[in-house]
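# A closer look at the structure
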Amino acid sequence: MQTIISDKFNMTTTAYYFSAAVSGSSGVIGRQLMKRLNEARINPIPIPRDFLYKHDGLHYFFSVYPVNFIFNLASYGNSYDQIDDLKIVSANINCLANLLLISKDLPYFGFINF
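Along each chain, residues carry numbers from 1 onward, in the same order as the chain's sequence is written. Local features in this predicted model are restricted to residues of pLDDT 70 or higher, and side-chain atom pairs are both shown and tallied only at a pLDDT of 80 or more, whereas totals for entire chains, interfaces and linings draw on every residue. Only heavy atoms go into the side-chain values, all of them from the structure, while hydrogens and water stay out.

## So, the overall build of the protein chain
A count of helical and extended segments in the protein chain gives 3 helices and 6 strands. What you see in the protein chain, going N to C, is helices and strands ordered as β-β-β-α-β-α-β-α-β. Of all 114 residues assigned to the protein chain, the portion counted as buried reaches 34%. The contact criterion used throughout is that any non-hydrogen atoms of two residues lie within 4.5 Å. Long-range pairs, those at least 24 residues apart, make up 57% of the contacts in the protein chain with a sequence separation of at least 6. Secondary structure counts use DSSP, requiring at least four H or I residues in a row for a helix and at least two E residues in a row for a strand, with both numbered from the N terminus. Any residue under 20% of the maximum accessible area for its type is buried, any over 50% is exposed, and the rest in between are partly exposed; the area is computed with a 1.4 Å probe on protein chains only.

## Let's talk about a nonpolar patch on the surface
Without a salt bridge and with relative accessible area above 30%, a residue can belong to a patch; like charges are then joined within 9 Å and nonpolar side chains (Val, Leu, Ile, Met, Phe, Trp, Tyr) within 5 Å. Here the open area of atoms and residues is found with the Shrake-Rupley method and a 1.4 Å probe, where only the protein chains shown may cover a residue. Here, a salt bridge means any Lys or Arg side-chain nitrogen found within 4 Å of an Asp or Glu carboxyl oxygen. A contiguous nonpolar patch, built from Val28, Ile29, Ile112 and Phe114 and spanning about 420 Å² of accessible area, is present on the exposed surface. Topologically, Phe114 is positioned in the segment after strand S6 (110–113). By relative accessible area, which is 64% here, Phe114 ends up exposed.

## Considering the side chain of Asn68
Mapped onto the elements of the fold, Asn68 is located in the loop between helix H2 (55–64) and strand S5 (69–72). Nitrogen and oxygen atoms within 3.5 Å of one another constitute a polar contact, given that in protein one can donate a hydrogen and the other can accept it, and given that sequence-neighbouring residues count only through two side-chain atoms. Reaching out from Asn68, the side chain makes a polar contact with the backbone nitrogen of Ser19 at a distance of 2.8 Å. If near-sequence neighbours (up to four positions away) are discounted, Asn68 is found in contact with Tyr17, Phe18, Ser19, Tyr108, Phe109 and Gly110.

## Points about the packing of aromatic side chains
Any two rings among Phe, Tyr and Trp, with Trp reduced to its six-membered ring, count as a pair given centres within 6.5 Å; such a pair is stacked if its planes are under 30 degrees apart, edge-to-face if over 60, and tilted if neither. In the structure shown here, the tally under the stated rule is 7 aromatic pairs. Geometrically, the ring pair formed by Phe61 and Phe62 is edge-to-face, given 5.2 Å between the ring centres and 85 degrees between the ring planes. On the accessibility criterion, Phe61 (2% relative accessible area) is buried. Its relative accessible area of 7% is what places Phe62 among the buried residues. Look at Phe61 and Tyr65: their rings are 5.1 Å apart centre to centre, the planes differ by 45 degrees, and that puts the pair in the tilted class.

## Notes on the sheet that holds S6
With respect to topology, 4 strands assemble into an open sheet ordered S4-S3-S5-S6, the strand pairing being parallel. The two strands at the open ends of the sheet, each matched to only one other strand, are strand S4 (42–46) and S6. Adjacent strand axes in the sheet meet at a mean angle of 20 degrees when their direction is disregarded. Relative to S5, strand S3 (residues 18–23) runs parallel, the two sharing 4 bridges. If you follow Ala20 over to S5, its bridge partner there is Phe69. The rule for pairing is simple: two strands pair if DSSP sees at least two bridges between them. Axis lines are fitted through C-alpha atoms, for helices just across the contact stretch, and the angle between N-to-C directions can take any value from 0 to 180 degrees.

## With respect to the environment of Pro107
Tracing the backbone shows Pro107 in the loop between helix H3 (85–103) and S6. Judged by relative accessible area, which is 70%, Pro107 ranks as exposed. Each C-alpha atom, one on Pro107 and one on Pro66, is 8.7 Å from the other, the two residues being 41 residues apart in sequence.

## Topic: the nonpolar core
Side-chain atoms within 4.5 Å are what join buried Ala, Val, Leu, Ile, Met, Phe, Trp, Tyr and Cys residues into a set we call a nonpolar core. In this structure, Ala21, Ile45, Ile47, Leu52, Leu58, Phe61, Phe62, Val67, Ile70, Cys95, Leu99 and Ile102 together form the largest nonpolar core, which totals 12 residues. Residue assignment for this core shows that the elements contributing at least two residues are H2 and H3.

That's the geometry; what it means functionally is another story.
Have a look at this one:
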């Protein structure tokens, strides 16, 4: 399936043949991944952070955006000031479990947890 997406700034049209959902897209690695995916003509679609904590949000996201790849880069506790144990478990374990559970029946090519 080919999706045509128009660039608003220079009005060129880019053909994307695949799409990828990316959690943690606002982080250092996530921003670079989004850029590289775009360069590889894979449409990067950021997963809103709030959706990672809710099954309904993820169901909605994957119903609106059928993806070929899922990249989970969302994390908490990797900075010196992030010391809340409950947030660390919630972000690093519960959000991953939610993504795996909701996406288990989707026809994607790969799930990459980083």
